[in-house]
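Okay, here's what each chain looks like letter by letter:
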There are 6 protein chains.
Amino acid sequence: MVRALYVGRFQPFHKGHLEAVKSILSECGEVVVAIGSSQKSHEPDNLFTAGERVEMAYESLKEAGLADRCLIVCVPDVNYNALWVRHVSVLSPRFDVVYSNNSLVATLFREAGAKVKQLKAARRKEFDGTHVRGLMLRGGEWEKLLPPAAARVALKAKAASRLREVVKGDKI
Amino acid sequence: MVRALYVGRFQPFHKGHLEAVKSILSECGEVVVAIGSSQKSHEPDNLFTAGERVEMAYESLKEAGLADRCLIVCVPDVNYNALWVRHVSVLSPRFDVVYSNNSLVATLFREAGAKVKQLKAARRKEFDGTHVRGLMLRGGEWEKLLPPAAARVALKAKAASRLREVVKGDKI
Amino acid sequence: MVRALYVGRFQPFHKGHLEAVKSILSECGEVVVAIGSSQKSHEPDNLFTAGERVEMAYESLKEAGLADRCLIVCVPDVNYNALWVRHVSVLSPRFDVVYSNNSLVATLFREAGAKVKQLKAARRKEFDGTHVRGLMLRGGEWEKLLPPAAARVALKAKAASRLREVVKGDKI
Amino acid sequence: MVRALYVGRFQPFHKGHLEAVKSILSECGEVVVAIGSSQKSHEPDNLFTAGERVEMAYESLKEAGLADRCLIVCVPDVNYNALWVRHVSVLSPRFDVVYSNNSLVATLFREAGAKVKQLKAARRKEFDGTHVRGLMLRGGEWEKLLPPAAARVALKAKAASRLREVVKGDKI
Amino acid sequence: MVRALYVGRFQPFHKGHLEAVKSILSECGEVVVAIGSSQKSHEPDNLFTAGERVEMAYESLKEAGLADRCLIVCVPDVNYNALWVRHVSVLSPRFDVVYSNNSLVATLFREAGAKVKQLKAARRKEFDGTHVRGLMLRGGEWEKLLPPAAARVALKAKAASRLREVVKGDKI
Amino acid sequence: MVRALYVGRFQPFHKGHLEAVKSILSECGEVVVAIGSSQKSHEPDNLFTAGERVEMAYESLKEAGLADRCLIVCVPDVNYNALWVRHVSVLSPRFDVVYSNNSLVATLFREAGAKVKQLKAARRKEFDGTHVRGLMLRGGEWEKLLPPAAARVALKAKAASRLREVVKGDKI
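Only a predicted model underlies this, so the values are computations on that prediction, with no experimental measurement involved.

*Asks:* How would you sum up the overall build of chain A? Please name residues and give values.
*Replies:* In terms of regular secondary structure, chain A is built from seven helices and five strands. Mapped in sequence order, the helices and strands of chain A form the string β-α-β-α-β-α-β-α-β-α-α-α. On C-alpha atoms alone, chain A measures out to a radius of gyration of 16 Å, which is about the 16 Å that the 2.2 N^0.38 rule sets for 172 residues. Across its three principal directions, the C-alpha atoms of chain A cover 45 × 35 × 25 Å. When burial is assessed residue by residue, chain A has 56% of its 172 residues classed as buried. Sequence-distant contacts in chain A: of pairs separated by 6 or more residues, those separated by 24 or more amount to 72%.

*Asks:* Would you mind going over the interface of chain E and chain C in detail, with residue names and values included?
*Replies:* Where the parts come together, the accessible area they lose is often given as the size of the interface. Facing twelve residues of chain E, the contacting portion of chain C comprises twelve residues. At the level of elements, α3 (81–91) and α4 (103–111) of chain E are the ones that each hand at least two residues to the side of chain E that touches chain C. It is α4 of chain E that contributes the most residues to the side of chain E that touches chain C, five residues altogether.

*Asks:* Describe the relation of the copies chain E and chain C, naming the residues involved and giving the relevant values.
*Replies:* Of the transformation placing chain E onto chain C, the axial shift is 0.0 Å and the rotation is 120 degrees, giving an RMSD of 0.0 Å. Here the transformation between the copies is reduced to the relation of a three-fold axis. No C-alpha of chain E approaches the rotation axis more nearly than that of N79 of chain E, which lies at 6.8 Å.

*Asks:* Tell me about the interface of chain B and chain A, and name the residues and values.
*Replies:* Contacts between the two partners involve 17 residues from chain B, matched on the other side by 17 residues from chain A. Element by element, the count of residues in the side of chain B that touches chain A is highest for helix α2 (residues 50–63) of chain B, at six residues. Broken down by class, the residue content of the side of chain B that touches chain A amounts to ten nonpolar, four polar and three charged.

*Asks:* Before we move on, could you go through the sheet that holds strand β3 (residues 70–75) of chain A and cite the residues and values that matter?
*Replies:* Residue and element names in this part refer to chain A. Spatially, five strands are ordered β3-β2-β1-β4-β5 in an open sheet, and the strand pairing comes out parallel. Looking along the sheet, the strands with just one partner apiece sit at the ends: β3 and β5 (116–117). In terms of strand pairing, strand β4 (residues 97–99) meets β5 through two bridges, oriented parallel. Looking at β5, one finds that Y99 is bridged to K117.

*Asks:* Kindly report on the environment of G36 of chain B, identifying the contributing residues and their values.
*Replies:* Here G36 of chain B is to be found in strand β2 (residues 30–36). The sequence separation of G36 of chain B and S100 of chain B amounts to 64 residues, and the corresponding C-alpha distance is 12 Å. In this view, G36 of chain B contacts V7, G8, R9 and V75 of chain B together with I172 of chain D; residues no more than four positions away in its chain are not counted.

*Asks:* If you had to explain the confidence of the model for chain A to someone new, which residues and values would you point to?
*Replies:* Should pLDDT be low for a region, the predicted coordinates there are not to be read in detail. Here chain A shows a mean pLDDT of 94. Residues at 70 or above account for 98%. The ipTM, which scores confidence in the relative placement of chains, is 0.94 for this predicted complex, and the corresponding pTM is 0.95.

*Asks:* Go over the nonpolar core with me, naming the residues and quoting the values.
*Replies:* Core analysis: the largest hydrophobic core is formed by 366 residues, its most contacted members being Y6 of chain A, Y6 of chain B, Y6 of chain C, Y6 of chain D, Y6 of chain E together with Y6 of chain F. Once residues lying within four places of it in the same chain are set aside, the contact partners of Y6 of chain D are A20, V21, I24, V31, V32, V33, A34 and Y99 of chain D.

*Asks:* Would you mind going over the arrangement of the chains in detail, with residue names and values included?
*Replies:* Separated without contact, chain A and chain D have their nearest C-alpha atoms at a distance of 18 Å. Between chain C and chain F there is no contact, and the shortest C-alpha to C-alpha separation is 18 Å.

*Asks:* How would you sum up unusual backbone geometry? Please name residues and give values.
*Replies:* Going from Q11 of chain B to P12 of chain B, the amide bond is cis rather than trans, its omega being 0 degrees. Following the sequence through the fold, P12 of chain B ends up in the loop between β1 (3–8) and α1 (15–25). Positive phi outside glycine occurs at F10 of chain C, with the angle close to 55 degrees. Examined against the element boundaries, F10 of chain C turns out to sit in the loop between β1 (3–8) and α1 (15–25).

*Asks:* Now, about the pairing of β2 of chain B: what can you tell me, with residues and values included?
*Replies:* All names here are of chain B. Extensive coverage of β2 is indicated by the burial of seven of its seven residues. With burial as the criterion, each face of β2 is covered, one bearing E30, V32, A34 and G36 and the other bearing V31, V33 and I35. Bridging between β1 and β2 involves six bridges; their strand directions are parallel. In the strand pairing of β2, Y6 is matched with V33. Each parallel crossover has a hand, and for β1 linked through α1 to β2 it is right-handed. In terms of strand pairing, β2 meets strand β3 (residues 70–75) through six bridges, oriented parallel.

*Asks:* Tell me about the relation of the copies chain B and chain A, residues and numbers included.
*Replies:* Here the second copy of the chain follows from the first by a rotation about an axis and a shift along it. Superposition record for chain B on chain A: RMSD 0.0 Å, screw rotation 180 degrees, translation along axis 0.0 Å. Such a combination of turn and shift is consistent with a two-fold rotation axis. Of the interface residues in chain B, 100% have counterparts in chain A that sit at the interface too, so the contact is made through matching surfaces.

*Asks:* Describe the sheet that holds strand β5 (residues 116–117) of chain C, and please don't skip the residues or the numbers.
*Replies:* Ordered by their spatial adjacency, five strands build an open sheet running β3-β2-β1-β4-β5 (chain C), and the pairing between neighbours is parallel. Single-partner strands in this sheet number two, and they are β3 (70–75) and β5 of chain C.

*Asks:* Help me get a handle on helix α4 (residues 103–111) of chain C, residues and values and all.
*Replies:* Among the residues making up α4 of chain C, those that are buried are V105, A106, T107, L108 and F109 of chain C. In this structure, the buried side of α4 of chain C is in contact with α7 (159–166) of chain A together with β1, α3 (81–91), β4 (97–99) and β5 of chain C. Two residues or fewer after α4 of chain C comes G113 of chain C, characterised by a positive phi angle close to 90 degrees.

How each quantity is defined
- Residues numbered from 1 in each chain as written.
- Chains lettered and ligands numbered in written order.
- Predicted model: local features only at pLDDT ≥ 70, side-chain atom pairs only at ≥ 80, totals over all residues.
- Helix = DSSP H or I, 4+ residues; strand = E, 2+ residues; numbered from the N terminus.
- Rg over C-alpha atoms; globule rule 2.2 N^0.38 Å.
- Buried ≥ 20, exposed ≤ 12 C-beta atoms within 10 Å, placed from the backbone.
- Contact = placed C-beta atoms within 7 Å.
- Least-squares fit on C-alpha atoms with pLDDT ≥ 70 in both.
- Nonpolar A, V, L, I, M, F, W, Y, C, P; charged D, E, K, R; others polar.
- Pairing = 2+ DSSP bridges.
- pLDDT = per-residue confidence, 0-100.
- Core = buried A, V, L, I, M, F, W, Y, C linked by C-beta atoms within 7 Å.
- Right-handed = clockwise from strand over helix to strand, strands pointing away.

Here it is as structure tokens:
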């Protein structure tokens, strides 16, 4: 059985991610969903904690009937690019192929000799984290862009209100 | 639905751990299996990498038909005990009760106001990580003490041979 | 007795900070002055070392006769926002209320269930770290904006000359 | 005015430490009390958090009427001995002389060219952290060995009960 | 014999660096080449790994017949400017004078009491890391700006192709 | 040309190490001397700083006429065994074979697919770091066991006196 690694930050886990998982599962038997920059949260581009992202992904995959073919792992940054591929590989069960549209992730895995595939473009451009967070800020209907289970997790975390605070630009 | 957190190092994931998960699932709807000291491996008491432990746990729970009620997360050490409870809580989806027989884990969670329950003693004392690693060293039949799926992962990792090397006491 | 936590970076400790402490002490019995990003120094926005900032705050509070109601603690960054509130709370004696005008600090403490109060605006807008550092750069009379004791510490550190070097934009 | 640096772990802050501060203040104008290994807690030899130790020291020094000549700083370990003196020196206001009975601390400061003095032996050998923690474990009258204010902090932290849990030897 | 410390990032090691070493060796007996930000790689401004930079410098110095008067050390960032001088000094054999055109490096060493000298401007402005990386991106003749031995290392690392990937701006 | 990696802690660099380098150079064209646990010093088993060890190795290899075939790199611990091989490999120029008598180093490199060779036993058992440090403690003639150049560095560092302080067992 072929197992894929699918790397992203999932800020938040939206319908584009769910489509990507389905697409990968049409080619592979199992997929490891690797949540990158897991230590980050409460930033404009990194709003949710690792636990919130795990919960969004897990509940969405369960809702879609895919939970038994998916495994979720968290990957904190190492801030040492040349170690990163090994770091992910140690945190994950073995995998056979990597899916990512991030050029740095792809380059690092290719230099390490891994097989890397591009994800097909999501069907609709709304399925994009930046777009979702933009709607959150402006009071738009972001919930529709997330799987229902993920939207519930984001609402419970009061995501829109958190985002409006953290975009003010303060750092600690 | 009640979600439990079950904390351990799972070096390796053996039948006692599987029994514990079953026991927790007789009381709770879901369980988060938190793999502690996830950055450690290749030590006499911490033989397996995080990824190998995730794979052992995941395949064993799947084999037992429990995968859809279990979620696995990895928890690297922070070496800062007073932060640890918060660290675990950030890495995990929300949970309602903690299961652990580790007195430090229990103390830290109790000081933080969490509900902590003891695990019932495993049925047989062989179900113990130290015992399993002892058998590995002496060439005993350790495989029987692991769920078949976990044993397969451990064999693929050449666990016994790795252990015989790392017990020599060298550090880097 | 009510103890307040007052969080800032104090780059440098200026008269606005001293006014804020006085204002807090009109409402609370004691205040913990928490110096954030304590590991930073020799940057355009983070000029002084932790020790220099401790000395500025301590000598200024002593000069103002407030030393026996104030306690100073240093808080290095953890670069892990979701842990930060717990991190500060572990480094500080217990406190009952948090004063901060930083929206991220306020959000993190509110999510953790703490009582957060806004600081009243400083009487004069010159009482602002960015303004003080601007004067330093342009050779203005920045010393007047600091309590005399803090100005002495800054002069001994040759702050203006250090700032002129570090604004050149080089990083290590 | 001569300012001294007094380095210890203060697990807990006991009467021997208070005597040492008094003795130093008979020779120097001010003392910086540096709490080492500040990130440690909930271990048999490192029971209290940094904040609890700060509170013990601060309340005890206040009770003794010494607060206005004392400054407390926390020093997390760097696990890099050759950097440690510089690390302490950055976290503390400038100081002229170092007091310590720890041979490593003394060696590192002497190699760095600092003036190091031995602390006079405490009057009574009970004034010793190991002895205090031993009494806590055995249910003895440890409170008498701490300044009253420090004992109150330790009691509020349920120190004896915490210690009895953490001596069981579990690590996370 | 006078030993110099020469600090840079060497991204990549080009002819300007080789000229600088020669110039320093006309004044000093030996030079320690300190490769800063050694943990960085695969970024637009930090393209090469530490090992690749060590190899470039070593082979170039050997080719120029200077290897027996040069020593190469790697210096990972500490992200704590006030510790940096000590950190470099611990990683290097003792040295008598520092050469750097980086104003922060110069400031930090001067505050620590070291003798700091400016490097004479390189003969030609092409001898500049930013210029070299710009040529790599645009398909220009960057190889001529490196010592032949360094160019061989950069070609083996497929530097230009790596750079074209990492400038796309993705982070992990 | 074959390049070897030779991993050790070199506490201190003694004649056994020099013999090992000569032996490796009888089989390979060049050797990278990798100084492990480089962040450690001032401990009974890790007495010298990285810089002192670099200087000992460099001067000894120069004295022996081997400097132009040897390259020295420092490797700080990562405390994450499964990353260690990659970490060393990033810090070093490429190498073709690894020499080490440390069973953990050998295991980790073998699991990573590298070619690992044992070092031939040193001719005399005195050529051993523990033995050298024992002589230092007891006032024996340890200098004879080091290459003359390394002994000079150790004497300048007042190694014996430092060791007598740090064996007292204090930690910071």
